[in-house]
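Coordinate analysis (summary)
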Amino acid sequence: MKYVKILSLLAVAATALMAFAASASATSITSPKNTLYTNTIHAVHEGSHVTLDNPIAKIECNSTVHGASLTHGAGVTAKGNITVAFTNCTNSWHVTVIASGSLEVHNISGTTDGTLTSTGATVTATRLGIECRYATNATDVGRLTSSDTTGKEATLDITAAIPFHGGSGLCGGGATTWTGNYVVKTPTTLYVDP
């Protein structure tokens, strides 16, 4: 009987610790600061292009990202389905997004920024009959840098290695590197709150 009581107390303590740890890992998207934001987020590439650099080509494209933050609250990170598009790619390459998947934001401790994780995105790059397909699965893709007090827009700073998912043998078996910066146009300010 004594052991049953001890085990019960240990179970209660473990549950309390798990609940505390879960609430500590929560992330919310806010706009303005400390006001939960659940509407559409729209970002466009900044500068000349975003780049997909695979073993056979360096593909530069215009790109946009749309999405909404669907989950918030104690014990969860901000996560939502997104739509990504690549247009006007260089050297006759066509980059088609088969599935955009979801994007998850994890607050970086001590900041109002967050890391970005992509899951379920599948992208195909084609040219002259060559097809290279890449897919994400809990893939670290970069950082969301929050707006600042001077009115600077939030940015998605992408530096990712997207794993090879299939296609031509000419594509090699390695990842393609996706790099570029997106400026968040909607909302005008955006923050990642713990």
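Each chain has its residues counted from 1, running along the sequence as written. The predicted nature of this model means local features are confined to residues of pLDDT at least 70 and side-chain atom pairs, given and counted, to a pLDDT of 80 or more, with totals for whole chains, interfaces and linings taken over all residues. For side-chain calculations, the full set of non-hydrogen atoms in the structure is used, while hydrogens and water are omitted.

Pairs of cysteine sulfur atoms within 2.5 Å are identified as disulfides in what follows. Going through the model one piece at a time under the given rule, you end up with two disulfides. Between the sulfur atoms of Cys 61 and its disulfide mate Cys 89 the distance is 2.0 Å. Given an S-S torsion of about 110 degrees, the disulfide between Cys 61 and Cys 89 has right-handed geometry. Of this pair, Cys 61 sits in strand β3 (residues 57-68) while Cys 89 sits in the loop between β4 (78-87) and β5 (94-99), and the two are 28 residues apart along the sequence. With respect to burial, Cys 61 and Cys 89 carry one shared label: buried. Between the sulfur of Cys 132 and that of Cys 171 lies a disulfide, 2.0 Å long from S to S. Disulfide Cys 132 to Cys 171: torsion about the S-S bond roughly -85 degrees, handedness left-handed. Placement of the pair is Cys 132 in strand β9 (residues 130-135) and Cys 171 in the loop between β12 (164-167) and β13 (176-186), with a sequence separation of 39 residues. Relative accessibility thresholds used throughout: buried, under 20% of the residue-type maximum; exposed, over 50%; partly exposed, between the two (1.4 Å probe, protein chains only). Since its relative accessible area comes to 0%, Cys 171 is described here as buried. Labels follow the DSSP assignment, with helices taken as runs of H or I lasting at least four residues and strands as runs of E lasting at least two, numbered in each case from the N terminus.

This part takes up the confidence of the model for the protein chain. Per-residue confidence for the protein chain gives a mean pLDDT of 84, with 86% of residues at or over 70. Low pLDDT, under 50, characterises residues 1-24; the stretch is placed with four contacts to residues that sit more than four places away or in other chains. Per-residue confidence from the predictor is reported as pLDDT, a score between 0 and 100. We call two residues in contact whenever any of their non-hydrogen atoms come within 4.5 Å of each other.

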